[in-house]
Structures are given as structure tokens and as C-alpha cells.
Amino acid sequence: MKTEMLGRFRGNLAARVVVGGMSLLLLGGGTLLADLRPVGLRCEYHADPQGLDERRPRLSWRVESDRRGDVQTAYQIQVARSLAELESGEPGLWDTGKVADGETIHHAYGGAGLASRQECHWRVRVWDRDGAASGWSEPARWSMGLLEPEDWTADWISFEDTTPLHTSRSELYLPPAQYYRKEFEASRRVRRAMIHATALGIYELHVNGRRVGDAYFTPGWSDYRLRAYYNTFEVTGLIRPGANALGATVAEGWYSGYVGYGLLVGYGPNRVGRYFYGKTPAVRLQLELEYDDGSRAVIGTDPSWQTTGDGPIREADLIMGETYDARMELVGWSEPGYAGGGWSRAIRASELDRCSAIFSDTMGDREVELGFVAPGRLQAYPGPPIRMTEVLPARKLTEPEPGVYIFDLGQNFAGVICLRVRGPRGTRVQIRYGEMLHPDGRLMTENLRRARATDYYILRGDAAGEEWTPRFTYHGFQYVELRGLADRPGLEAVTGLALHSDTPLASQFECSDPMVNQLYRNVVWTQRANFVEIPTDCPQRDERLGWMGDAQIYARAATFNADVASFFTKWLDDVEEAQRSFGAYPDYAPYPMAHGEPRKTFGTA
């Protein structure tokens with residue numbers, strides 16, 4: 001027998017004891033623990049997820065051991081209503097007891113029925129090949145979302161939209177983002193604060209002047225007439241005693257903005273490539289406060305909210321780009337006590353005017369309603385959020401013609417930039433994006449087709465310099481062109497921010513051949529750039545659709561490169577939703593427009 005002192009382990013003196021090749025942990029008091037240990041606890045593929053609507057969520061973990069060939073032979077899961085209850089050893093929701101099983105993934109919850117908003121804390125322990133038990137894992141948790149339609153008490157709200165339906169294919173229509181705000185009082189000490197949020201369009205939340213979360217383009221893309229996703233955020237740390245403010249910025253996104261090649265080929269209402277699901281975005285937010293005394297309060301969207309379209313985001317389109325006028329910034333708009341003018345009362349989205357148009361694609365022409373239609377159901381978003389995952393500093397700056405500056409970021413990717421500039425108030429900086437340069441050094445944009453892929457930033461004139469990052473668009477590019485600056489910028493003026501659905505790399509590859517290594521890096525970057533909400537065909541031109549044949553061919557390789565389980569879980573909901581009434585699947589999902597051979601909406605591999 002060999003003994004090695006290890007110091008303290010979970011509050012106890014511990015030693016490693018090796019007996020006959022078996023490695024065990026010996027705690028003070030004589031307790032033996034297996035070297036095998038459960039780590040990386042996941043619920044529905046996520047670490048500590050919030051707002052699930054899966055009533056029997058699946059629990060998974062990994063096992064690690066310093067012993068070669070060690071395996072799990074049994075497990076025990078405990079689930080409780082609170083951390084204190086879990087650590088008491090008497091969990092009130094579920095205790096599997098010891099189960100002889102080597103499986104570490106997808107153990108469906110089998111305890112007491114779970115209610116809306118339920119908090120669940122859980123842990124697991126395992127037994128190794130010699131029958132020795134591990135200690136309990138570090139605790140993990142999940143929470144339930146709003147499981148019943150009646151749990152939603154907030155209204156869908158929007159604004160008085162008097163603009164006519166756009167009818168021109170030669171001119172773009174890019175309306176500004178809409179801002180919404182509401183002040184409220186937290187009358188007592190808050191124990192827990194949760195926001196459930198969705199939109200017909202895409203939104204960004206703020207509480208007391210702070211952005212909520214780090215995700216882009218929430219709540220995601222779906223067939224909005226049938227279903228809309230919602231997200232759940234815990235904001236307990238952002239709520240103050242007394243006066244508070246809740247804010248949201250809403251842009252068109254996939255709901256009413258330009259989608260795919262609709263403009264190029266003349267699809268959609270009025271053949272203009274937009275309004276595929278409706279005309280005017282809407283938002284639905286529900287902030288739920290639980291006080292220390294057990295009482296609750298709900299602050300939901302309703303006509304008491306204020307709204308304006310006169311903010312700095314003057315244009316916001318996923319494909320065409322974003323325009324930001326820093327002179328129009330609404331300083332403090334999502335904080336309590338804001339006194340800015342020009343805001344009006346929001347309206348219930350159901351009060352929006354009804355409007356119809358002729359929708360055209362290869363299935364023919366038909367009349368569609370573009371006024372507000374409430375989604376058939378709300379579903380908790382099951383996929384990974386779209387996040388900024390890497391920063392790419394500019395590597396080279398050229399000036400192919402006077403006043404035209406091109407930055408080389410050294411890598412083709414999908415995302416946006418952080419712009420850092422200085423100049424006179426009112427200076428309009430044009431920002432164009434491309435994947436290649438012409439031989440003479442000019443930016444190549446011919447492959448973008450009808451995607452404008454151009455952002456604009458109008459300076460407020462801050463002598464200390466200004467910094468800006470678009471929020472409601474993204475591009476595929478390696479090169480960035482700036483026009484409009486009075487002076488030559490430095491390399492620090494442009495920094496690339498890679499955006500994609502946050503699917504962490506799960507493997508790596510390297511060999512002795514530099515070309516093969518570069519090929520592998522190209523594969524990884526291509527996967528990142530095309531896994532933005534759905535598995536797209538390309539991130540740069542006017543397409544970005546979830547082509548089913550492409551995904552079928554590539555999905556297996558994707559699973560080797562990264563953790564894509566929840567990403568494909570989300571997209572398969574879109575695939576099921578897009579299935580034709582006669583059973584076949586279309587070319588891509590979601591399926592806003594029919595393409596290909598007339599009146600044939602199938603053909604996937």
C-alpha cells in the first residue's frame with residue numbers, strides 16, 4: 001500500500017491510497033472515494049441553463065480519472081428545490097439511488113412534476129470499475145421557463161407604423177430600430193429577478209442602463225406565424241431598491257427585413273425581398289420579481305411603455321447593414337429618471353393596421369396578411385446563443401486611392417467590427433466589407449450580389465475619439481474599407497469581432513504538413529462563419545439560408561470539430577416546421593419562400 005498526503009479535499013484532510021493498483025481518495029474519518037469523478041454537468045446540452053420548457057430535461061456529465069482504463073459502473077442523481085436542500089442529502093424533487101449503468105449522457109429527469117419558473121439544483125456521483133464511489137460533483141442547476149400560455153401576462157407591443165408597404169426593387173427600405181422603455185419600483189428586497197423576452201424581429205435588453213447578456217440577434221429565427229422563441233435571463237444583480245428602468249431595442253431581423261436572395265429574384269410581398277412574415281416588428285417582455293418575503297411582482301409590456309424610433313440606429317438590417325448617428329444618442333434612455341423628449345406611448349401589436357400584399361415565389365402569387373399575427377406558440381430557445389468569440393486586430397492598412405483605406409484582418413470570418421475614429425461632428429464614415437481585393441488593391445464586392453453589406457457611422461465630434469460596434473447586422477469578410485475620414489487612420493481604427501452560434505471547439509488537429517494544417521484551420525473558420533443561428537451556405541452575400549443538402553453532407557464533420565448538439569437541436573425544430581404537408585422536406589429551413597422548379601417545394605438530398 002502506498003499513501004500520498006493531498007492536503008484538504010472539500011473541507012476534509014485527504015490522502016491518495018494505492019492498493020494493488022487501485023487508486024482511492026481517503027478522507028478524514030476513513031471514508032474511501034474513487035479516483036473516478038463526475039465533471040462538466042449539463043442539462044439539455046447546456047451548463048446551468050435558464051428557462052427550459054422541456055418537462056423532462058436530460059442530464060449529462062463526463063467522468064475523469066487519473067487511472068488508465070477507469071470506467072463508470074453506476075451513478076446516482078439528486079435534484080432539489082434549493083442548494084441548501086440538495087446539500088442536506090434529502091432532495092425533494094428526485095433521488096435515483098444507486099443505478100447500475102455506465103451511461104453518462106441523456107438521463108431524463110424522472111422526479112416530481114416541474115412547474116413554471118421552478119428552480120432545480122442537482123448533483124451526481126458515480127462508482128468506478130472496482131465498485132468504489134466518488135464524492136458528489138460540484139452542484140449544477142437549471143430553471144424552468146413559462147410552461148403554460150396563461151403564464152404570459154405581458155402584451156405584444158409595437159408602435160404606430162404609418163409607413164406604406166415598400167414596393168421598389170431598385171431602392172432599399174431600411175427603417176430605424178425602435179426603442180422601448182418602462183420605469184418601475186422595486187418596493188422590497190429582491191430575492192430573484194427573471195426576464196422572459198421575445199420579439200417579432202430581433203431585440204436587445206437593458207436594465208438600469210446595463211445591457212442584459214452578451215447574445216446577438218435574440219430571440220432567433222423561426223416561422224413566426226407558427227412559433228416564436230423566447231429567452232430567459234436572470235437579472236437579480238441589476239435590480240436596485242426603489243426606482244428602476246427596463247429597456248429594449250428592436251430591429252427587423254428575419255421577421256420583416258431582407259431575407260436571402262428574395263430581392264435578387266423578386267420574391268416575397270410586392271417582390272421586394274422583405275416582409276416575409278409581417279410588416280412591423282413587435283416585442284413581448286415579462287420581468288418577474290420575487291421578493292424576500294415571498295411576494296411577487298410582474299412588469300410586462302403594455303401600452304404604458306414609451307417608445308421612439310428617433311434613436312441613433314437609423315438603419316438596421318442583417319444583410320444590408322447598419323447606420324448609426326452618434327449625434328442622436330439617447331443618453332440614459334434605459335435608466336430611471338430619463339427626461340428625454342419625443343417619446344410616445346406604445347400600442348398593443350393587435351392594434352396595428354391590417355395590410356395585405358401579393359406574395360410571389362415559385363409557388364405562384366397569393367395574397368398574404370402582413371399585419372400583426374400572434375405566433376401559434378412560444379418556445380424556449382434551445383440552441384447556443386450567438387456570441388462574439390474572437391477578436392482579430394487589423395494586420396495591414398493600404399490606401400489604393402486617396403482617402404480610401406482598406407484594412408486586412410488576416411482571416412475570412414463572419415461578424416462585425418469595432419470602429420475607433422476621431423473627427424469633426426457630422427463626419428459620415430462609410431464602412432464596406434469584402435472577402436477579396438482586386439489586383440489593383442480595390443475592395444471586391446461583386447460576389448455579394450444584392451447584399452449592400454455596408455455600415456455607416458456619423459460622428460458626434462468627441463475630441464477624445466469615438467468607438468462603435470454594430471448590433472443588428474453581420475457580414476462575411478476579411479477586408480474592411482473606410483471612406484469619409486479627414487485624416488489617415490491607424491491600424492487600431494478597425495478590429496474584427498467574430499460572431500457565431502457559440503459552439504465550442506471539441507477537438508483539434510495538427511500534423512507535419514503546413515498545407516494540411518491550413519486546410520483544417522480553413523474548415524474550422526468556415527464552420528464558425530456559417531453556424532450563425534442556422535447552418536448557412538455562406539455568410540457574406542444575399543443568401544445565408546439553411547440549405548438542407550449542405551447541412552446533411554457536413555453535419556458529421558461538424559460534430560468532430562465542435563460541440564454542435566444544441567445548435568442542431570434548435571435547427572431540427574426549424575426543419576420539422578418546414579416539412580411540406582405531403583411529407584417531403586424543402587431545400588432549406590426555415591422556409592420563408594419557395595425556390596427552384598416551379599410548384600415543386602422539395603428536392604433535398
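All figures in this text were calculated on a predicted structure; none of them were measured in a lab.

Rules and cut-offs
Residues numbered from 1 in each chain as written. Predicted model: local features only at pLDDT ≥ 70, side-chain atom pairs only at ≥ 80, totals over all residues. Heavy atoms only, no water. 1 Å grid on protein atoms, 1.4 Å probe; cavity = no way out; pocket = protein on both sides within 12 Å on 5 of 7 lines; lining within 4 Å. Points joined across faces, edges and corners; volume = space filled by probe spheres on them. Nonpolar A, V, L, I, M, F, W, Y, C, P; charged D, E, K, R; others polar. Helix = DSSP H or I, 4+ residues; strand = E, 2+ residues; numbered from the N terminus. Axes fitted to C-alpha atoms, helices over the stretch in contact; angles between N-to-C directions. Parallel < 35°, antiparallel > 145°, perpendicular 65-115°, else oblique. Contact = heavy atoms within 4.5 Å. Core = buried A, V, L, I, M, F, W, Y, C linked by side-chain atoms within 4.5 Å. Buried < 20%, exposed > 50% of the residue type's maximum accessible area, 1.4 Å probe, protein only.

Caption draft 1: Highlighting empty space enclosed by the protein. Applying the stated rule across the entire model yields six cavities of 30 Å³ or more. There is about 90 Å³ of room inside the largest cavity. If you go around the largest cavity, you meet 13 residues; those closest to its centre are Trp221, Trp254, Leu318, Ile319 and Arg544. Taken together, the residues of the lining of the largest cavity break down into nine nonpolar, two polar and two charged. When its volume is computed, the second largest cavity comes out at roughly 60 Å³. Lining the second largest cavity are Arg117, Ser143, Met144, Arg192, Met194, His196, Thr232, Glu288 and Glu290. Every element with two or more residues in the lining of the second largest cavity is listed here: strand E15 (190–200) and strand E21 (282–291). Classifying every residue of the lining of the second largest cavity gives two nonpolar, three polar and four charged.

Caption draft 2: Fine view of the packing of helix H4 (residues 514–530) against helix H5 (residues 548–561). Taken N-terminus to C-terminus, the directions of H4 and H5 make an angle of 105°; their axes are 11 Å apart at the nearest point. The angle between H4 and H5 falls in the class roughly perpendicular. Touching Tyr520, Val523 and Gln527 of H4 are Tyr554, Ala557, Ala558 and Asn561, all from H5. Split into classes, the residues belonging to the contact of H4 with H5 amount to five nonpolar, two polar and no charged.

Caption draft 3: How the structure looks around the nonpolar core. In terms of nonpolar packing, the biggest core is built from 91 residues, with Phe217, Phe407, Leu419, Ile431, Val480 and Leu482 touching the most fellow members. Ranked by the residues each element gives to this core, the list is headed by strand E33 (residues 404–421), at 10 residues. Beyond its immediate chain neighbours, meaning those up to four positions away, Val480 contacts Tyr405, Ile406, Phe407, Leu409, Ile417, Ile431, Arg432, Tyr433 and Val494. Ranked by size, the runner-up nonpolar core spans 29 residues in total, among them Phe184, Ile195, Ala248 and Trp305.

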